[in-house]
Amino acid sequence: MLELSTESWMAILFFIALCIWCITTFLFGRISVKHIQSEMAKEGIAPPVWDKGIGTIIVTYSLIMVFPKLNPIIIDFEAVRRHTRKKDKKLASLYVASSAIIFIIGVTIYYSYISDS
């Protein structure tokens, strides 16, 4: 029987978490962000000029949906909340959770295995 080391298990866990994070990023961007931006465009609210293709708006929208007391001044947070649906909040929660998990796993791997060598 094949015995896996702790490093192998951590690599497998990181790969699975990375795949889940990629899927949630794709789904949240395609479903929620596109919906919110199209609804805001109907109101005449233009997307931020600082987000031209790099995707930082995904993080901003998800944090606004997950943390209701967060009121960033760089975007119209009231419009984002007004156009947020229940499934958008669920996708945002999955995206934030998967981002936190992959960050925690990455830091754990770094401090456990990489920083020693």
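Position numbers for residues count from 1 along each chain, tracking the sequence in the order it is written. Residue-level local features of this predicted model are given only where pLDDT is at least 70; pairs of side-chain atoms are given and counted only at 80 or more, and the full residue set underlies all totals for whole chains, interfaces and linings. For the side-chain quantities, the full set of heavy atoms in the structure was used; hydrogens and water were omitted.

Go over the packing of helix α1 (residues 6-42) against helix α4 (residues 86-114), please, and point to the residues and values.
A fitted line through C-alpha atoms represents every axis, and for helices the fit uses only the stretch in contact; the resulting angles, taken between N-to-C directions, go from 0 to 180 degrees. For helices the rule is a DSSP run of H or I covering at least 4 residues; for strands it is a run of E covering at least 2, with both sets numbered from the N terminus onward. Packing of α1 against α4 brings their axes to within 8 Å, and their N-to-C directions diverge by 150°. Taken as axis vectors, α1 and α4 run roughly antiparallel relative to one another. You can see that α1 and α4 cross each other, and the crossing is left-handed. Throughout, the ten residues Ala, Val, Leu, Ile, Met, Phe, Trp, Tyr, Cys and Pro are labelled nonpolar, Asp, Glu, Lys and Arg are labelled charged, and all others, Gly among them, are labelled polar. Residues of the contact of α1 with α4, tallied by class, amount to 19 nonpolar, nine polar and three charged. By definition in this entry, angles of less than 35 degrees are roughly parallel, angles greater than 145 are roughly antiparallel, angles of 65 to 115 are roughly perpendicular, and the rest are oblique. In a left-handed crossing the near helix is turned counterclockwise from the far helix by less than a right angle, and in a right-handed crossing that turn is clockwise.

Give a detailed account of the UniProt feature "transmembrane region" (unreviewed entry) in the protein, specifying residues and quantitative values.
UniProt positions are given in the numbering used here, feature names are shortened, and annotations may be inferred rather than shown by experiment. As annotated in UniProt, the feature "transmembrane region" (unreviewed entry) corresponds to residues 12-33 and 91-113 in the numbering used here. Regarding residues 12-33, the helix share stands at 100% and the strand share at 0%, and the terminal C-alpha atoms are separated by 30 Å. The span residues 91-113 is 100% helical and 0% strand by assignment, and the distance between its end C-alpha atoms comes to 32 Å.

Give a description of the packing of α1 against helix α2 (residues 56-66) that names residues and reports values.
Remark: α1 packs on α2, axes separated minimally by 10 Å, with the N-to-C direction vectors making an angle of 80°. Our classification of the angle between α1 and α2 gives roughly perpendicular. Within the contact between the two elements, α1 uses Thr25, Phe28, Gly29, Val33, Ile36, Gln37 and Met40 and α2 uses Ile57, Ile58, Tyr61, Ser62 and Met65. Here the residues of the contact of α1 with α2 sort into eight nonpolar, four polar and no charged. Any two residues whose heavy atoms approach within 4.5 Å are treated as being in contact.

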